[in-house]
Amino acid sequence: MIHGKSGEELNTPSNADHRAWLRLDASQQLKFFQQSLTSDGRFASLNWDGTHQTGTTQELHTTTRMVHSYALGKAFGHLGSDDVIDAGMAALWNWHRDREHGGYAWSVDRTSIIDGQKLAYGHVFVLLAAASAKKADHPDADRLISDISSVLDRHFWDEDHGRFREEFGADWTPLSNYRGMNANMHGAEALLTAFEATGNEQYLERAGRILDYFTANIAPKNGWRIPEHYTEDWRVDPDYAGNPMFRPAGTTPGHSFEFGRLLIQHWDLVDRPETDALYRARQLIDQALSDAWLNEGGFCYTLDLIGDVAIKDRYWWPVTEAIGALSVCLNVVPADTDETWYTRLWDFAQTNFVDSDRGGWFPELSEKGKPVDGQFPGKPDIYHALQADLIALTGASSRLFTEVENMRSAKV
């Protein structure tokens, strides 16, 4: 953690040394993950030291998040961002895009589709990538926005419920009746970014319907926690447990932080109406802070449906999402404890997750508090931690790309 000469804590939102450190960490992350770009245009998974992992395929959420993150990197002024955006956009159109059936395959290599499943989770990230590429002035962004929007309309969007369906086979045969919160939450994120990029009100309206359902309907009935899993008619499915990375049982406090921030983003984009949106956002964020912070530091991964710790594993991304949520709250709807939490989270992140020597963040801690290869081999992702740096620097409640560009221009 950063201390002044007398030992005082400096990880506060306005402290100049802390802000300089945030810029440095963002730059180091962008440099580190740029190593994943191979000479043939793929994105390799990275070990802790930045070397390439072997035997891995390129997955849709990785490709799309790299485009989004380096579009933010371009706004931040990182040299080389265009190369990563170009590679990601080419991979989406030429490799992930299913020319026979339409839509985007989950995993690919340069010559073939490895896993052709059509997942809402992956497809909403295609929309996020396309919208972010448009903010970065990529020439193929409009083409990708048009295609992915058509796919989402035709296959995933359920107008009657105002939410996304979940999963199909490669030929669009339904795989299950499962409905999920996670894909819809990231769907709201993508729709809000698409509205910011295009001005198309339909994106904003659909994001609002998703957010209202989970934060005004589901969360108040469940102690301001949001269950992850649902049946086809959108009843909470308390017994469902799937992929431990993407579909753990119960509730995930990190997603409450994301929902709270996205709710504020939507409220800001619809001109800050007199509604209870800020109240809901605070309830979600404050409940997750109360529920999930562990005595040894860090957030547990999941809770059961009554709020008890279920999976105690400590990952980097809930910390980053709490930082982002608190950074926005401090500018829009502050609470007395927000700055204390902000400092606590950055102190913990710098001590435990940030790899200041090589760049990037370690994704997981052992029970003894040491970085460990467990659920996440290597360093899997720049998306969460880069956004933590940039949202903390700007406090942006919406239009993060614009705020990052303005910050760079003003050199603040």
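Above this text you will find the structure in question.
As a starting point, this report considers the structure included with it.

## Observations concerning the overall build of the protein
Helix and strand counts for the protein come out as 13 helices and 13 strands. Over its C-alpha atoms the protein spans a radius of gyration of 20 Å, differing by no more than 12% from the 22 Å that the globule rule assigns to 412 residues. Based on the C-alpha atoms only, the size of the protein along its principal axes is roughly 65 × 50 × 45 Å. The contacts of the protein with a sequence gap of at least 6 include a subset with a gap of at least 24, amounting to 64%. When the accessible surface of the protein is summed, it comes to about 16,100 Å², and 46% of that surface belongs to carbon and sulfur atoms. Each charge class in the protein was averaged separately, 38 positive and 60 negative side chains, and the resulting centres sit 3 Å apart.

## Regarding the sheet that holds strand 1 (residues 58-59)
The strand order across the open sheet built from 3 strands is 1-2-3, with neighbouring strands paired in antiparallel fashion. Each edge of the open sheet carries a strand with a single partner, namely strand 1 and strand 3 (113-115). Looking at chain direction, strand 2 (residues 107-108) and strand 3 are connected through 2 bridges and run antiparallel. Across the sheet, the residue bridging to serine 107 is aspartate 115, located in strand 3.

## Describing the packing of helix 2 (residues 60-76) against helix 12 (residues 383-394)
Relative to each other, helix 2 and helix 12 sit at 30°, their axes nearing to 10 Å. It follows that helix 2 is roughly parallel to helix 12 by the angle criterion. The hand of the helix 2/helix 12 crossing is left-handed. Note on element contacts: helix 12 touches helix 2 through Tyr383, His384, Leu386, Gln387, Leu390 and Leu393, opposite Arg65, His68, Ser69, Leu72 and Phe76. Of the residues contributing to the contact of helix 2 with helix 12, the split by class is 6 nonpolar, 4 polar and 1 charged.

## Quick word on the side chain of arginine 225
Topologically, arginine 225 is positioned in the loop between helix 7 (201-221) and strand 9 (229-230). You can call arginine 225 buried: its relative accessible area is 13%. A polar contact is formed between the side chain of arginine 225 and the side chain of aspartate 291, at a distance of 2.6 Å. Residues in contact with arginine 225, not counting those within four places in the same chain, are Ile218, Ala219, Thr251, Gln287, Asp291, Leu303, Ile306 and Gly307.

## Section: the packing of aromatic side chains
Under the defined criterion, the tally for this structure stands at 30 aromatic pairs. Relative to phenylalanine 362, the ring of tryptophan 48 lies with its centre 5.0 Å away and its plane at 70°, an arrangement referred to as edge-to-face. Here tryptophan 48 is found in the loop between helix 1 (16-34) and strand 1, whereas its partner phenylalanine 362 is found in the loop between helix 11 (338-352) and strand 13 (364-365), with 314 residues between them in sequence. By relative accessible area, which is 24% here, tryptophan 48 ends up partly exposed. Arranged with centres 5.8 Å apart and planes meeting at 75°, the rings of tyrosine 213 and tryptophan 234 form a pair that is edge-to-face. Note that tyrosine 213 is positioned in helix 7 and tryptophan 234 in the loop between strand 9 and helix 8 (253-269), a separation of 21 residues in sequence. Overall, the relative accessible area of 12% leaves tyrosine 213 in the buried class. Relative accessible area serves as the criterion here: at 6%, tryptophan 234 is assigned to the buried category. Taken together, the ring pairs in this structure connect Phe257, Trp293, Phe299, Trp341, Phe348 and Phe353 into an aromatic cluster. Its end group placed over the ring of tryptophan 341, arginine 344 keeps NZ or CZ at 4.3 Å from the ring centre. The ring of phenylalanine 362 is capped by lysine 379, whose NZ or CZ atom sits 5.1 Å from the centre of that ring.

Cut-off values and rules
Residues numbered from 1 in each chain as written. Predicted model: local features only at pLDDT ≥ 70, side-chain atom pairs only at ≥ 80, totals over all residues. Heavy atoms only, no water. Helix = DSSP H or I, 4+ residues; strand = E, 2+ residues; numbered from the N terminus. Rg over C-alpha atoms; globule rule 2.2 N^0.38 Å. Contact = heavy atoms within 4.5 Å. Areas by Shrake-Rupley, 256 points an atom, 1.4 Å probe, with all protein chains shown as cover. Lys, Arg positive; Asp, Glu negative; His and termini not counted. Charge placed at Lys NZ, Arg CZ, Asp CG, Glu CD. Pairing = 2+ DSSP bridges. Axes fitted to C-alpha atoms, helices over the stretch in contact; angles between N-to-C directions. Parallel < 35°, antiparallel > 145°, perpendicular 65-115°, else oblique. Left-handed = near helix turned anticlockwise from the far one by under 90°. Nonpolar A, V, L, I, M, F, W, Y, C, P; charged D, E, K, R; others polar. Buried < 20%, exposed > 50% of the residue type's maximum accessible area, 1.4 Å probe, protein only. Polar contact = N/O pair within 3.5 Å; in protein donor to acceptor, adjacent residues only side chain to side chain. Phe/Tyr/Trp six-rings, centres within 6.5 Å; stacked < 30°, edge-to-face > 60°. Lys NZ or Arg CZ within 6 Å of the ring centre and 35° of its normal.

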